[in-house]
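Coordinates in review
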Amino acid sequence: MTDITPPPVTRFSFPTRVITGPGGFEALGPRAAAFGARALLVTDGGVRRAGLVEPIEASLKAAGVETAIFDDVASDPSIQAVEGAVAAIHQHAADVVVAVGGGSPIDTAKAATVVAAGGGS
């Protein structure tokens, strides 16, 4: 007979802050700086082409945060997008990851930070 005992319950907490609204771009730099001096912005090409990344970069720079950008995220992001973001986190030695855009960049950024921290493969 096969043992069908479920595995023990595991609790995982992934704190996510969402900053939105008037003044959100300006507030981001100082908040990110509290986590470190190197940030990776995870976004998609459309958001970047729309000019939404530049004010965030400026806010981070003003707060003394060096920034790299990963914009290879598509709708319903793939494992390859997450792997690319993980590689960018390591390559840039990012202390903080900032998602810019909708659900796909947010999902990619969250998954990539978990994997980059050794929480998955």
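For the structure itself, consult the block above.
In this report, we go over the structure that sits alongside the text. For clarity, every value in this text was computed on a predicted model and none was experimentally measured. Each chain has its residues counted from 1, running along the sequence as written. Given that this is a predicted model, residues contribute local features only at a pLDDT of at least 70 and side-chain atom pairs are listed and counted only at 80 or more, while totals for whole chains, interfaces and linings are drawn from all residues. For the side-chain quantities, the full set of heavy atoms in the structure was used; hydrogens and water were omitted.

**Some thoughts on the pairing of strand β3 (residues 96-99)**
- For the exposure calls, accessible area comes from a 1.4 Å probe over protein chains only, and a residue counts as buried if that area is under 20% of its type's maximum, exposed if over 50%, partly exposed in between. Counting from the N terminus, the helices are the DSSP runs of H or I reaching at least four residues and the strands are the DSSP runs of E reaching at least two. Side chains Val96 and Val98 of β3 all project onto a buried face; the interleaved residues Val97 and Ala99 project onto a face where none is buried.
- Should DSSP find at least two bridges between two strands, the strands are regarded as paired. Where strand β1 (residues 38-42) meets β3, four bridges bridge the pair, whose relative direction is parallel. Bridge pairing in β3 links leucine 41 to valine 98.

**Digging into the pattern of salt bridges**
- Each salt bridge in this description consists of a side-chain nitrogen of Lys or Arg and a carboxyl oxygen of Asp or Glu lying within 4 Å of one another. All chains considered together, the criterion is met by two salt bridges.
- A salt bridge links glutamate 66 to arginine 38; the shortest N-O distance between them is 3.1 Å. Taken together, the residues span a long stretch of sequence, with glutamate 66 in strand β2 (residues 66-70) and arginine 38 in strand β1 at a distance of 28 residues.
- With a relative accessible area of 43%, glutamate 66 lands in the partly exposed category.
- Arginine 48 is paired through a salt bridge with aspartate 71; the nearest N and O atoms lie 2.9 Å apart. Note that arginine 48 is positioned in helix α2 (residues 45-49) and aspartate 71 in the loop between β2 and α4 (79-92), a separation of 23 residues in sequence.
- The class for arginine 48 is partly exposed, based on a relative accessible area of 33%.

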